[in-house]
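Given next are the chains, with one letter for each unit.
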Amino acid sequence: MYIEYKPNILLTPYIETYWTTDEIVSDKQTLRVLPDGSVNVLFNLEENEDSFIKPFIPYLIGVKTKFADVIHEKADRMIGIRFRPCAISAFTQVPIYEFNDCRINTDLFPSLFSDFKPEKLIRTSNRISQLEHIDNYLLSKLGYLHDINKQIIYIAEYIQVTKGIVPINELLNKVCLSQRQFERKFKDLTGMTPKMFSAITRFSTAEKFIRLHPDKSLFTIALDCGYYDHSHLIREFKRFSGVLPQMLMSNLYTTSPLFPYYLCASKKIARICEVIIQTQSVY
């Protein structure tokens, strides 16, 4: 089960939400992680030696600029912290693009959570107590935050509010910077250029729109989500998800009940893929 929790009100300028999962996975499941422009910190609460994330150690999950497939099996018990755009830069001076498409053990570099004590996470299985421990740790860091360029924060939020449709020239008119300076500062704080951030924001909007309105035509969806035409939508959708939008519309791919921001193939498609793999291995 996936559940979201609000952070302390003092942390809301930096943290969008805490999220948790608690599920026993009966079969091996491949989930497709889609780019959404966010940075997460992830805690694995399950002592599973096969996991790609060590138990109880916070991992920084960098901005996704492309889709990735992750295999989940056995039990999944996790706590995640989803940061607002630019906000992770208040806690570390390392340029955010250094973490793109990576998962980093925070023990390996001086940054947020490098001095975190996981003992309380280990001692209790109560999810609220675990979240309170993380919340209190983050509150203790508020007096040591780095300054963030408020212009860049405003632009990132503006791109999200306009669903990635706003032209880059319009963004430049809102900041007193050259295009080169603007792109460099924006990339340092968000991990992406304004153009890429806008493209991912527009894709995320389209992906959610398709799930809510699967009966609408691709042409209508493309125009509603800021694409030139349905060909542009298909090209960008395949770029960021690896599948055609028609596959989502026809339920060949669905959102995972364990991770609502991930895609998983239907059992029918999964069985077909398994048969193909087995057939290929025979020869």
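Above this text is the structure in question.
Visitor: What is the right way to read the side chain of Glu207 from this model?
Guide: With respect to the helices and strands, the residue Glu207 is situated in helix H6 (residues 194-212). Residue classification places Glu207 among the buried positions, given a relative accessible area of 6%. A distance of 2.6 Å separates a polar atom in the side chain of Glu207 from a polar atom in the side chain of Arg211.

Visitor: Is there a simple way to explain the nonpolar core in this structure?
Guide: Generally speaking, nonpolar side chains in soluble globular proteins are found buried as a group. By size, the foremost hydrophobic cluster in this structure holds 62 residues, and its most contacted members are Phe43, Ile81, Phe83, Phe113, Ile134 and Leu138. Among the elements that make up this core, the one with the highest residue count is H6 (seven residues). Contacts of Ile81, omitting those with residues within four sequence positions, involve Ile15, Thr17, Tyr18, Trp19, Val39, Asn40, Val41, Phe43, Phe113, Ile134 and Leu138. Among the nonpolar cores identified, the runner-up in size contains eight residues, and Tyr2, Ile57, Tyr59 and Met78 belong to it.

Visitor: Mind showing me how you'd approach the pattern of salt bridges here?
Guide: It is possible for side chains of opposite charge to pair when their charged atoms get near one another. Counted under the stated rule, the structure contains nine salt bridges. Residue Lys141 pairs with Asp115 through a salt bridge whose shortest N-O separation is 2.9 Å. Here Lys141 is found in the loop between helix H2 (127-139) and helix H3 (150-161), whereas its partner Asp115 is found in the loop between strand E6 (103-105) and helix H1 (119-123), with 26 residues between them in sequence. Given a relative accessible area of 21%, Lys141 falls into the partly exposed group.

Visitor: Would you explain unusual backbone geometry in this entry?
Guide: Most peptide bonds adopt trans geometry, and most residues besides glycine take a negative phi value. Located in the positive-phi region is Phe56, a residue other than glycine, with phi close to 65°. Tracing the backbone shows Phe56 in the loop between strand E3 (40-44) and strand E4 (59-61). The buried category is assigned to Phe56, whose relative accessible area is 9%. Of note, the phi angle at Asp101 is positive, near 60°, even though the residue is not glycine.

Visitor: Please clarify how the packing of H6 against helix H8 (residues 230-241) should be interpreted in this entry.
Guide: In a pair of packed helices, the angle between the axes and the distance between the axes together describe the arrangement. Between H6 and H8, the least distance of the axes is 10 Å, while the angle of their chain directions is 100°. When the axis of H6 is compared with that of H8, the two are roughly perpendicular. For the pair H6 and H8, the contacting residues are Met196, Ala199, Ile200, Arg202, Phe203, Ala206, Glu207 and Ile210 in the first and His232, Leu233, Glu236, Phe237, Arg239, Phe240 and Ser241 in the second.

Visitor: Mind showing me how you'd approach H3 here?
Guide: Each full turn of the α-helix corresponds to 3.6 residues, which orients residues three or four apart in the same direction. With 12 residues, H3 ought to run about 16 Å at 1.5 Å a step, and its terminal C-alpha atoms sit 16 Å apart, in line with that. Against the buried residues of H3 lie helix H4 (168-172), helix H5 (179-190) and H6. With a side-chain oxygen positioned 2.9 Å from the backbone nitrogen of Gln151, the residue opening H3 is Asn149. Following H3 by one or two positions, Lys163 has its phi on the positive side, about 60°.

Visitor: What's the story with the pairing of E3 in this structure? I'm lost.
Guide: Where a strand is regular, its side chains alternate between the two sheet faces. Counting buried residues along E3, five of its five residues qualify, which places the element largely inside the surrounding structure. Sheet topology note: the E3/E4 ladder contains three bridges and is antiparallel. Along E4, the bridge assignment pairs Val41 with Leu60.

Visitor: Can you help me understand H8 in this one?
Guide: Compared with an ideal rise of 1.5 Å per residue, which puts 12 residues at 16 Å, H8 spans 16 Å between its outermost C-alpha atoms and is within 8% of the ideal. Restricting attention to buried positions, one finds in H8 the residues His232, Leu233, Glu236, Phe237, Phe240 and Ser241. With its buried residues spanning 130° around the axis, H8 presents them on a single face. Within H8, the exposed residues directed more than 90 degrees away from the buried face are Arg235 and Lys238. Two or three places before Ser231, at the start of H8, stands the capping residue Asp229, its side-chain oxygen 3.1 Å from that residue's backbone nitrogen. Immediately beyond the C-terminal end of H8, within one or two residues, lies Gly242, with a positive phi of roughly 80°.

Rules of the game
Residues numbered from 1 in each chain as written. Predicted model: local features only at pLDDT ≥ 70, side-chain atom pairs only at ≥ 80, totals over all residues. Heavy atoms only, no water. Helix = DSSP H or I, 4+ residues; strand = E, 2+ residues; numbered from the N terminus. Buried < 20%, exposed > 50% of the residue type's maximum accessible area, 1.4 Å probe, protein only. Polar contact = N/O pair within 3.5 Å; in protein donor to acceptor, adjacent residues only side chain to side chain. Core = buried A, V, L, I, M, F, W, Y, C linked by side-chain atoms within 4.5 Å. Contact = heavy atoms within 4.5 Å. Salt bridge = Lys/Arg side-chain N within 4 Å of Asp/Glu carboxyl O. Axes fitted to C-alpha atoms, helices over the stretch in contact; angles between N-to-C directions. Parallel < 35°, antiparallel > 145°, perpendicular 65-115°, else oblique. Expected span 1.5 Å × (residues − 1). Pairing = 2+ DSSP bridges. Arc of directions from axis to C-beta.

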